[in-house]
Protein chains: 2
Amino acid sequence: MSEATHIEFRNAQPSRVANASGTIDFGMLKMQGVRVRYGRNEEVFGEGEPADYVYGVVSGTVRTMRFTSDGRRQILGFHMAGDVFGLDLGGPHSCSAEAVTACEIVLVRRSAVEKAAREDVAAAGALLTFASNQLHEAQEHAIVLGRKGAGERVAAFLLRFADRFSGRRELDLPMSRADIADYLALTIETVSRAFTQMERDHAIALPSSRRVVMCSRSALEELQAA
Amino acid sequence: MSEATHIEFRNAQPSRVANASGTIDFGMLKMQGVRVRYGRNEEVFGEGEPADYVYGVVSGTVRTMRFTSDGRRQILGFHMAGDVFGLDLGGPHSCSAEAVTACEIVLVRRSAVEKAAREDVAAAGALLTFASNQLHEAQEHAIVLGRKGAGERVAAFLLRFADRFSGRRELDLPMSRADIADYLALTIETVSRAFTQMERDHAIALPSSRRVVMCSRSALEELQAA
DNA sequence: CGTAACTTTGAGACGTGTCAAATAGCGTGG
DNA sequence: CCACGCTATTTGACACGTCTCAAAGTTACG
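Residues numbered from 1 in each chain as written. Chains lettered and ligands numbered in written order. Predicted model: local features only at pLDDT ≥ 70, side-chain atom pairs only at ≥ 80, totals over all residues.

## Considerations on the confidence of the model for chain A
And then number 1: Looking at chain A as a whole, the pLDDT averages 91, with 92% of positions reaching at least 70.
And then number 2: Every residue in residues 6-13 of chain A is under pLDDT 50, and counting partners more than four places away or in other chains gives 14 contacts. (pLDDT = per-residue confidence, 0-100. Contact = placed C-beta atoms within 7 Å.)

## Structural notes on the interface of chain B and chain A
And then number 1: Taken residue by residue, the interface counts 39 residues in chain B and 38 residues in chain A.
And then number 2: Secondary structure elements with two or more residues in the side of chain B that touches chain A: β6 (73-79), α1 (110-119) and α2 (121-147) of chain B.
And then number 3: Sort the elements by how many residues they give to the side of chain B that touches chain A and α2 of chain B lands first, with 20 residues.
And then number 4: Looking at the side of chain B that touches chain A residue by residue, the class counts come to 18 nonpolar, 15 polar and six charged. (Helix = DSSP H or I, 4+ residues; strand = E, 2+ residues; numbered from the N terminus. Nonpolar A, V, L, I, M, F, W, Y, C, P; charged D, E, K, R; others polar.)

## Describing the packing of helix α4 (residues 177-184) of chain B against helix α5 (residues 188-200) of chain B
All names here are of chain B.
And then number 1: Here α4 crosses α5 at 105 degrees, and the two axes come no closer than 8 Å. The angle between α4 and α5 falls in the class roughly perpendicular. Where α4 abuts α5, its residues Arg177, Ala178, Ile180, Ala181 and Leu184 lie against Ile188, Val191 and Ser192. (Axes fitted to C-alpha atoms, helices over the stretch in contact; angles between N-to-C directions. Parallel < 35°, antiparallel > 145°, perpendicular 65-115°, else oblique.)

## Overview of the relation of the copies chain B and chain A
And then number 1: Superposition record for chain B on chain A: RMSD 0.0 Å, screw rotation 180 degrees, translation along axis 0.0 Å. Within this description, the copies of the chain are treated as partners about a two-fold rotation axis.
And then number 2: The overlap is high: 97% of the interface residues of chain B also sit at the interface in chain A, so the same surface is used on both sides. (Least-squares fit on C-alpha atoms with pLDDT ≥ 70 in both.)

## Regarding the sheet that holds strand β10 (residues 170-172) of chain B
Residue and element names in this part refer to chain B.
And then number 1: One open sheet accounts for three strands, arranged β10-β12-β11; its pairing is antiparallel. Whereas interior strands pair on both sides, the edge strands pair on one side only; in this sheet they are β10 and β11 (204-208). Taken over all neighbouring pairs, the strand axes of this sheet differ in orientation by 20 degrees on average, direction set aside.
And then number 2: With three bridges joining them, β11 and strand β12 (residues 211-214) adopt antiparallel strand pairing. When the bridges of β12 are listed, Ala205 appears paired with Val213. (Pairing = 2+ DSSP bridges.)

## Things to note about unusual backbone geometry
And then number 1: Not every positive phi belongs to a glycine, and Ser166 of chain A is a case in point at roughly 45 degrees.
And then number 2: For Ser166 of chain A, the position within the fold is in the loop between α3 (150-164) and β10 (170-172).
And then number 3: Phi is positive for His202 of chain B, close to 60 degrees, though the residue is something other than glycine.
And then number 4: When you line up the elements, His202 of chain B lands in the loop between α5 and β11.

Here it is in structure tokens:
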């Protein structure tokens, strides 16, 4: 059990609507919306708030998360360019979302998405596929949290993150150790030690704390083993 | 990290098709199918198998689960009368399913479900709602695994299980300690100790190991705290 | 250049896993 | 009906991994 770090919204500032529109891409379904900027650590929406919009990341990184009653934070996922988040068609938002870095985000009215799903079967199918993928990801994460040790979790995190950029060897992590810790249900210190250990094992190099060079993908895959 | 228990399929036996039909209920969408019996610990389907059917529990309890590469088991959920499982519209089954107890299960052809979703928007909506609920449940479970200690996990498990029977005070658990352990990502021993401790705290009584009387729901809710 | 946030490192505490063994429960066959 | 054997559960002692607390280093930014 970990003591989740508490993040205050120091940098939270009123969001500015950019004078531009953008598109959310669900595969078969594409939706037009307004493009909005968010500053680092700014809240995009809060758990329990009415889900009036669906969100698509244009640039930057967003975290979705939930809090336990005693204030511990669990990050459910990181969302980057092209990703959709905040799709809660069945009621209010089931989690909160914040900008990890400065972001550009497309907002589409939920009612418009629902209308598209009602009128176009292919659109409804696209949403179903999306929800299905989300579910699969959540289950995968449950396995990581349930069945992997600290080193394995961090290795799995890096590999999955690298895969999002078609397996690039060098990564620039947009999130802090605290974010990684709250995503993997570890402490900052344990995450840091895992990085250090992987560096000692020559699985990665760390030119700086946020920059990761994957020296040996196979070593990471072994480490991930579980 | 836990050593998941290994269950062999001692009792696996060829399933018998009962000479009856049944219905899967997705709320707005109801689908006719064949009713089939499964014996204790019999496999219903395996991870990676083509998802030709969707399953609904008529009676008994089913577990869905995934295995890590080194054989550890993570149970994703328990499914009881009225529950639907095995809905993998986007590809092969993403997990395996086994009968915890002897079961009656309705099988509906996946193609029939897909056809219904294509032809009827309300049907597609019902599926989307279902997937959405599944997602929410998986995220909830990720929080339990990530942020709760052993006692909290077991308390949360009992409360959620009781809620499924509209909050009955007495429960007959269909699953073994090993199943609970693999669901909560603990060991059998730790689960057992958690039960014993809750009994000492007069939060529950244990007339037998599978029968739980919730003496003090509020005590359990405190224990669950997280 | 100074200050605050972030990261790393160390030492020790604590919770859960591991291993071992005793006990209870249950179906089967004598 | 009882005895047997198998499985499930409980309990204990100890090991190990991660958390906690503390402090030093590092980086980013005003």
